[in-house]
Amino acid sequence: MKEFTIKKEEEGQKLLRFLEKVLKNANMSFLYKMLRKKNIVLNGKKATGNEKLQSGDSIKIFFSDDTFEKMAGSVKTDVSISQFPKAPFPLEIVYEDENLICVNKPFGALSQKDDTSHPSMNEYLIRYLLDNNQLELEDLNRFRPSVVNRLDRNTSGILLFGKTMAGLHAGSDLMKSHSGNKTYHCIVTGDTKKFTEKTIIKGYLKKNSEKNIVTFYKTEKPNSLYMEEEVLLLDQSGNYSLLEVVLHTGRSHQIRSSLAFYGCPIVNDKKYGGKLLPNERIGQYLHASSIQLTDNTLVTCPDPVEFDDLMKKKRG
């Protein structure tokens, strides 16, 4: 018999989801059969698998050792601290509660690992939890905290990270929300007089996966996705304009593509025709500046210093 006690970070998921992680080689029909025969019980009682787990719940699996090892494959994964390096820059945590972290991602940092060997904010934040005794290495065999939203590598600003299952669910709900709770700042060139008052941009986006570029259309096209955002001019300095963009949809490259269509490409955004600057910043001047959480808490993240420098403002 094997017994598992649910930890705080694991609560909120369904029993079947938990069993799928533990018994990796078991198919769904086998799991349902074991639940019906009470070979798997929750808190000593028969379960259906749809129960939402709470911290402290007990799951007992009455298999022989051979059967358990066969169904579990490798019960534990070799996890070492070296897989989670410390961030090479100070982590700027702008909000944290028991379930969620909002961190200011600098431009140039990956949100999550790609097909390269470069570490990402995901690994840096897991290391943060490990170093602050909010997580144990062995916990990562059953639950792995994760970044919820993915910012482009060269976009800076608020990145959501779920510390617990509840945090992952809350963050996912926020990302799916179309209530205008996500705001970006960007610096563009071009005629921005049209944005002196809040302007709603509606249209359709079609992605070219081979080139990883999105085209904006005013009318629907085959395989296109609807987008909507509101844009407001915040400030101007010479040829540069600081815009605020409130999202009502969250499509890939939405802001970059739509503003380029309206003749206001984002500075340093080579892919969408933005003006390239002879400085060390490799990313477009696009920043996730605020997000409103499900409890209406407004989390803000100051614009990068390069924004103020470009707009020729004095800091402080």
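Let me sum up the structure you'll find in this document. Since the model is a prediction, treat every value here as computed from it, not as a measurement. (Residues numbered from 1 in each chain as written. Predicted model: local features only at pLDDT ≥ 70, side-chain atom pairs only at ≥ 80, totals over all residues. Heavy atoms only, no water.)

**A word on the overall build of the chain**
- For the chain, the count of helices and strands is 7 helices and 14 strands.
- Taken over the C-alpha atoms alone, the chain extends approximately 75 × 45 × 40 Å along its principal axes.
- Going through the 316 residues of the chain one by one, you find that 47% of them count as buried.
- Excluding contacts between residues fewer than 6 apart, the proportion of contacts in the chain whose partners are at least 24 apart in sequence is 63%.
- When the accessible surface of the chain is split by element, carbon and sulfur atoms take 47% of a total near 16300 Å².
- With 47 positive and 40 negative side-chain charges, the chain shows a spacing of 5 Å between the two charge centroids. (Helix = DSSP H or I, 4+ residues; strand = E, 2+ residues; numbered from the N terminus. Buried < 20%, exposed > 50% of the residue type's maximum accessible area, 1.4 Å probe, protein only. Contact = heavy atoms within 4.5 Å. Areas by Shrake-Rupley, 256 points an atom, 1.4 Å probe, with all protein chains shown as cover. Lys, Arg positive; Asp, Glu negative; His and termini not counted. Charge placed at Lys NZ, Arg CZ, Asp CG, Glu CD.)

**Structural notes on helix α6 (residues 254-261)**
- The buried fraction of α6 amounts to 6 of the 8 residues, a majority that puts the element mostly inside the structure.
- Among all positions of α6, only Q254, I255, R256, S257, S258 and L259 are buried.
- For α6, the elements touching its buried residues are β8 (182-188), β9 (199-208), β10 (213-217), β11 (225-237), β12 (240-247) and β13 (286-292).
- Positive backbone phi, approximately 80 degrees, marks G263, located one or two places after α6.

**With respect to the pairing of β10**
- Only one face of β10 is covered, namely the face carrying V214 and F216; the face carrying I213, T215 and Y217 is uncovered.
- With antiparallel pairing between neighbouring strands as the criterion, β9 and β10 make up a hairpin whose turn holds 4 residues, including N212 at a positive phi of roughly 50 degrees. (Pairing = 2+ DSSP bridges.)

**So, the sheet that holds strand β1 (residues 2-5)**
- With respect to topology, 3 strands assemble into an open sheet ordered β1-β3-β2, the strand pairing being antiparallel. Both edges of this open sheet fall to β1 and β2 (40-42), since each of them pairs with a single strand only. For this sheet the average axis-to-axis angle between neighbouring strands, irrespective of direction, equals 15 degrees.
- For β2 and strand β3 (residues 58-61), the ladder comprises 3 bridges, and the chain directions are antiparallel. Of the residues in β3, the one forming a bridge with V41 is K60. (Axes fitted to C-alpha atoms, helices over the stretch in contact; angles between N-to-C directions.)

**Concerning the side chain of S224**
- Examined against the element boundaries, S224 turns out to sit in the loop between β10 and β11.
- Only 2.6 Å separates the side chain of S224 from the backbone oxygen of K221, close enough to count as a polar contact.
- If sequence neighbours within four positions are ignored, S224 has contacts with Y204, L205 and K206. (Polar contact = N/O pair within 3.5 Å; in protein donor to acceptor, adjacent residues only side chain to side chain.)

**Topic: unusual backbone geometry**
- With a phi angle near 55 degrees, N43 is a residue other than glycine that sits in the positive phi range.
- Among the secondary structure elements, N43 is positioned in the loop between β2 and β3.
- Residues other than glycine seldom take positive phi values, yet N133 does so here, at roughly 55 degrees.
- Position of N133 among the secondary structure elements: in the loop between α4 (121-131) and β6 (146-147).

**A few points about a positive patch on the surface**
- There is a patch of like positive charges on the surface, built from K33, R36, K37, K38 and K46.
- Relative to the helices and strands, K33 is located in helix α2 (residues 28-36).
- When its relative accessible area of 39% is taken as the criterion, K33 is described as partly exposed. (Patch = residues over 30% accessible without salt bridge, like charges linked within 9 Å, V, L, I, M, F, W, Y side chains within 5 Å. Salt bridge = Lys/Arg side-chain N within 4 Å of Asp/Glu carboxyl O.)

**Considering the packing of aromatic side chains**
- Going through the model one piece at a time under the given rule, you end up with 9 aromatic pairs.
- With centroids separated by 5.7 Å and ring planes inclined at 70 degrees, the aromatic side chains of Y204 and Y226 adopt a geometry described as edge-to-face. Remark: Y226 occurs in strand β11 and Y204 occurs in strand β9; sequence separation between them is 22 residues.
- Three or more aromatic residues joined by ring pairs make a cluster, and in this case those are F4, F18 and F68.
- Directly above the aromatic system of F195 lies the positively charged group of K194, at a separation of 5.4 Å from the ring centroid. (Phe/Tyr/Trp six-rings, centres within 6.5 Å; stacked < 30°, edge-to-face > 60°. Lys NZ or Arg CZ within 6 Å of the ring centre and 35° of its normal.)

**Regarding the pattern of salt bridges**
- Applying the stated rule across the entire model yields 8 salt bridges.
- Between R142 and E10 there is a salt bridge, with the nearest N and O atoms lying 2.7 Å from each other. One end of the pair, R142, is in the loop between α4 and β6; the other, E10, is in the loop between β1 and α1 (15-22), with 132 residues separating them in the sequence.
- In this structure E10 comes out as buried when scored by relative accessible area, which is 2%.
- R256 serves as the salt-bridge partner of D152, at 2.9 Å between the closest nitrogen and oxygen. Of this pair, D152 sits in the loop between β6 and β7 (156-162) while R256 sits in helix α6, and the two are 104 residues apart along the sequence.

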